[in-house]
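# Descriptive structure summary
Chain by chain, the residues:
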Amino acid sequence: MNFVEARLAKVARNGDRNAFAELVELYKDKIFHLAYRMLNNKQEAEDAVQETFLRVYTNLHRYDENQKFSTWIFRIGTNLCIDKLRRRKNTYSLDAEMPDGEGNDYYAMLPSHEDTPEKQVIVSETQEQIRRAIETLPEKYKSVVILRYLHDMSLQEISEVLDMPVTTIKTRVHRGREYLRKRLEQEDQVGSTNPVHM
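Rules used in this analysis
Residues numbered from 1 in each chain as written. Predicted model: local features only at pLDDT ≥ 70, side-chain atom pairs only at ≥ 80, totals over all residues. Heavy atoms only, no water. Salt bridge = Lys/Arg side-chain N within 4 Å of Asp/Glu carboxyl O. Helix = DSSP H or I, 4+ residues; strand = E, 2+ residues; numbered from the N terminus. Buried < 20%, exposed > 50% of the residue type's maximum accessible area, 1.4 Å probe, protein only. pLDDT = per-residue confidence, 0-100. Core = buried A, V, L, I, M, F, W, Y, C linked by side-chain atoms within 4.5 Å. Contact = heavy atoms within 4.5 Å. Phe/Tyr/Trp six-rings, centres within 6.5 Å; stacked < 30°, edge-to-face > 60°.

### Here we look at the pattern of salt bridges
Any two side chains of opposite charge can pair, on the condition that their charged atoms come close. In the structure shown here, the tally under the stated rule is 8 salt bridges. The closest approach of N and O atoms between Arg181 and Glu178, which form a salt bridge, is 2.7 Å. In this pair, Arg181 and Glu178 both sit in helix H9 (residues 166–190), 3 residues apart, roughly one turn of the helix. Looking at Arg181, the relative accessible area reads 37%, which means it is partly exposed. One salt-bridge network, in which partners are shared between bridges, spans Glu178, Arg181 and Glu185.

Written out as structure tokens, the structure is:
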């Protein structure tokens, strides 16, 4: 796939709009999901997708064909989202609605077990808890946790996307996970009047 994308990028750089349209088609959904998970706002995520492709188009001459195209475009998209989060000054909306089906992606972070009716109740509550916990993650942990667990990227890939050493990424993934665990434990204690527990 990387060879195809590198070729499309090269052709697009020489002015072929169809090649660029193919790159957009390949990545628009992936970038939208990344942006939505980071920003938790549909309109902002859509804006981030447009801005990402605008930056990709205007910077195609900087793309190094020896690098994976996916790494390059994810770096642009992630940095854009981080900039948007910084401009927000860390005011996260905890009740922003999630589009249908998005919650299932957050649940993918948890190990799956048998699906009893009781479990289904816990699953929907857990999805909501995880969504809220991710939204409150400090900015530096949020991007690595989303890339690691929701985009299933390796530590090396995240290191390339964020342009940071793997050791830093490993530390941030660990601390982000700890933050989520503590946050979920707090929520569990608050909701301990409910007879159904995890």
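There's more to say after this.
### Section: the confidence of the model for the chain
Across the chain, pLDDT averages 79, with 75% of residues at or above 70. Within the chain, helix H3 (residues 42–58) carries the highest mean pLDDT (94), whereas helix H5 (residues 102–107) carries the lowest (40).

### Regarding the nonpolar core
Membership of the largest hydrophobic core comes to 47 residues, with the highest contact counts inside it found for Val56, Phe69, Ile73, Phe74, Leu147 and Leu162. Elements with a minimum of two residues in this core: helix H1 (2–13), helix H2 (17–39), H3, helix H4 (69–88), helix H6 (117–136), helix H7 (139–150), helix H8 (155–162) and H9. Not counting the four nearest positions on each side in its chain, Leu162 is found in contact with Thr78, Ile82, Ser143, Val144, Leu147 and Ile169.

### A word on the packing of aromatic side chains
Counted under the stated rule, the structure contains 7 aromatic pairs. Consider the rings of Phe20 and Tyr57, whose centres lie 4.9 Å apart with planes at 70°: the pair is edge-to-face. Taken as a pair, Phe20 in helix H2 and Tyr57 in helix H3 lie far apart in primary sequence, 37 residues in all. When its relative accessible area of 12% is taken as the criterion, Phe20 is described as buried.

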